[in-house]
Amino acid sequence: MTVIPVGWVGVRRSHVEFGGPWSLRYAAIAVDRRWAPWLPVNVVLIEHRRGIVLVDTGEAVDQPPGHFGCGDRVQESIYRRYLRLPVRAGADAPARLRALGVAPDAVDTVVLTHLHGDHTGNLPAFARAEVVVGPGEVEGYPGATACRVTGRRLVRPRFEDGGIAGFARSTTLVDDGSVRAVPLPGHTIGHLGVVVDGARPTVIAGDAALSYEQLRRRGTPGVARDRTENRRTQERLDTVARAGGQVVLSHAAPDAP
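By convention here, each chain's residues receive numbers from 1 onward along its written sequence. Selection of residues for local features in this predicted model requires a pLDDT of at least 70, selection of side-chain atom pairs for listing and counting requires 80 or more, and totals for whole chains, interfaces and linings are taken over all residues. Values shown for side chains rest on all heavy atoms present in the structure; no hydrogens or waters enter the calculation.

**Q** An account of helix H3 (residues 73-82) is requested, with residue identities and associated values reported.
**A** Three- or four-residue spacings in an α-helix give side chains the same orientation, since the helix completes a turn every 3.6 residues. For the exposure calls, accessible area comes from a 1.4 Å probe over protein chains only, and a residue counts as buried if that area is under 20% of its type's maximum, exposed if over 50%, partly exposed in between. The secondary structure listing takes helices from DSSP runs of H or I that are at least 4 residues long and strands from runs of E that are at least 2 residues long, numbered from the N terminus. Regarding H3, the residues found buried are Gln75, Glu76, Tyr79 and Tyr82. For H3, the arc enclosing every buried residue in end-on projection is 165 degrees, short of the 170-degree limit, so these residues lie on one face. In H3, the exposed positions that point more than 90 degrees away from the buried face belong to Arg73, Val74 and Arg81. The contact criterion used is simple: two residues touch if any of their non-hydrogen atoms lie within 4.5 Å. Buried residues along H3 sit against helix H2 (25-31) and helix H5 (117-120). The directions considered for the arc run from the helix axis to the C-beta atoms.

Quick look at the structure:
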């Protein structure tokens with residue numbers, strides 16, 4: 001398993017965390033003039049003997065007009081006003097995989113933890129892969145780039161394959177059962193994680209938190225759909241970490257604890 005930085009995201013401080021009345025979170029982001037420190041954007045490569053799995057795809061180098069909106073001009077405007085998503089040429093996910101000796105066409109499965117743009121931007125480069133998307137994601141929500149999965153061979157997990165690493169439900173992604181999708185709701189309606197089983201289980205946890213410190217104290221990013229569900233997810237992840245497992249976040253430094 002390899003954690004690969006593929007770009008950066010800049011957001012407002014109220015986006016990183018919001019502690020006020022939950023119904024006011026988007027209004028708080030809208031009026032916040034303070035940019036938070038840059039956050040890395042990570043993808044995770046799992047090279048398994050039964051297939052290659054990529055968790056998320058990062059954002060694309062080219063971001064032409066309409067790139068973020070999926071036909072919605074308001075969504076396009078919000079992305080461009082409230083997020084910064086620079087990706088240097090040669091630093092995007094397809095290029096980084098090639099540098100590791102993995103051709104994009106060799107990827108068998110792409111798991112999208114959710115459909116925010118910084119997780120889906122390079123999906124077209126992995127044209128041969130099946131795409132795993134959580135329940136309710138394709139149906140869309142504010143900020144979802146659901147159009148990017150149109151026409152793809154989708155897997156919609158039902159979480160019927162039993163427990164793993166403390167999670168009661170899962171969906172097998174490789175046939176020996178050692179790599180599975182698990183539900184991590186809260187950030188979005190169908191937010192997913194991926195468990196890589198082993199002596200030290202690893203949970204790739206997307207945007208359940210934006211830092212390990214935030215995860216430990218149950219802070220909630222301002223764009224989370226449901227604060228209560230997000231905190232429950234964080235509790236499950238913290239339990240994994242306290243039991244000796246590893247948690248990997250999309251926007252925390254790969255060498256963080």
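**Q** Which residues make up the environment of valine 6, and what are the values?
**A** Relative to the elements of secondary structure, valine 6 occurs in strand S1 (residues 2-9). On the basis of relative accessibility, which here comes to 1%, the residue valine 6 falls in the buried class. Each C-alpha atom, one on valine 6 and one on aspartate 72, is 26 Å from the other, the two residues being 66 residues apart in sequence. Those residues in contact with valine 6 that lie beyond four places of it in its chain are Val41, Val43, Gly58, Val87, Ala91, Asp92, Ala93 and Arg96.

**Q** Please set out the state of the cysteines residue by residue, giving values where relevant.
**A** Two cysteine sulfur atoms make up a disulfide if the distance between them is within 2.5 Å. Applying the stated criterion to the full structure yields one disulfide. Covalent S-S linkage joins cysteine 70 and cysteine 147, the inter-sulfur distance amounting to 1.9 Å. Negative torsions about the S-S bond denote left-handed disulfides, and the value of about -70 degrees found for cysteine 70 with cysteine 147 makes this one left-handed. Note that cysteine 70 is positioned in the loop between strand S3 (51-55) and H3 and cysteine 147 in the loop between strand S5 (130-133) and strand S6 (154-155), a separation of 77 residues in sequence.

**Q** Give a description of the environment of serine 77 that names residues and reports values.
**A** Within the secondary structure, serine 77 sits in helix H3. A residue is classified by how much of its surface remains accessible, and serine 77, at 44% relative accessible area, is partly exposed. Taking the C-alpha atoms as reference points, serine 77 and valine 61, 16 residues apart in sequence, are found 18 Å from one another.

**Q** Got a sec to walk through the pattern of salt bridges? Specific residues and values, please.
**A** Any Lys or Arg side-chain nitrogen located within 4 Å of an Asp or Glu carboxyl oxygen qualifies as a salt bridge. Inspection of every chain in the model, using the stated rule, returns twelve salt bridges. Its salt-bridge partner being arginine 148, residue glutamate 59 comes within 3.7 Å of it at the nearest N-O pair. Highlighted residues: glutamate 59 in the loop between S3 and H3 and arginine 148 in the loop between S5 and S6, separated in sequence by 89 residues. Across the pair, arginine 148 and glutamate 59 agree in class, each one buried. With its nearest N and O atoms 2.7 Å apart, the salt bridge here joins arginine 128 to aspartate 108. With arginine 128 in the loop between H5 and S5 and aspartate 108 in the loop between helix H4 (93-99) and strand S4 (109-112), this residue pair connects regions lying 20 residues apart in the sequence. Take arginine 128: its relative accessible area is 42%, and that puts it in the partly exposed class.

**Q** Talk me through the sheet that holds strand S7 (residues 171-172); I want residue IDs and the actual numbers.
**A** Only when DSSP finds a minimum of two bridges between them are two strands counted as paired. Taken in spatial order, the five strands of this open sheet run S7-S8-S9-S10-S11, and their pairing is mixed. Only two strands of the sheet have a single partner each, and these edge strands are S7 and strand S11 (246-248).

**Q** Quick one: what's the story with the packing of aromatic side chains, residue by residue and with numbers?
**A** Working definition: a ring pair exists when centres of Phe, Tyr or Trp rings (six-membered ring for Trp) sit within 6.5 Å. Plane angles under 30 degrees give stacked, over 60 give edge-to-face, the rest tilted. Under the counting rule described, the total for this entry stands at two aromatic pairs. On the basis of an interplanar angle of 40 degrees and a centroid distance of 6.4 Å, the ring pair of phenylalanine 18 and tryptophan 22 is categorised as tilted. Take tryptophan 22: its relative accessible area is 16%, and that puts it in the buried class. Their ring planes at 5 degrees and their centres at 5.0 Å tell us that phenylalanine 68 and tyrosine 79 sit as a pair that is stacked. With phenylalanine 68 in the loop between S3 and H3 and tyrosine 79 in helix H3, the pair connects residues that are eleven residues apart, well separated along the chain. When its relative accessible area of 3% is taken as the criterion, phenylalanine 68 is described as buried.

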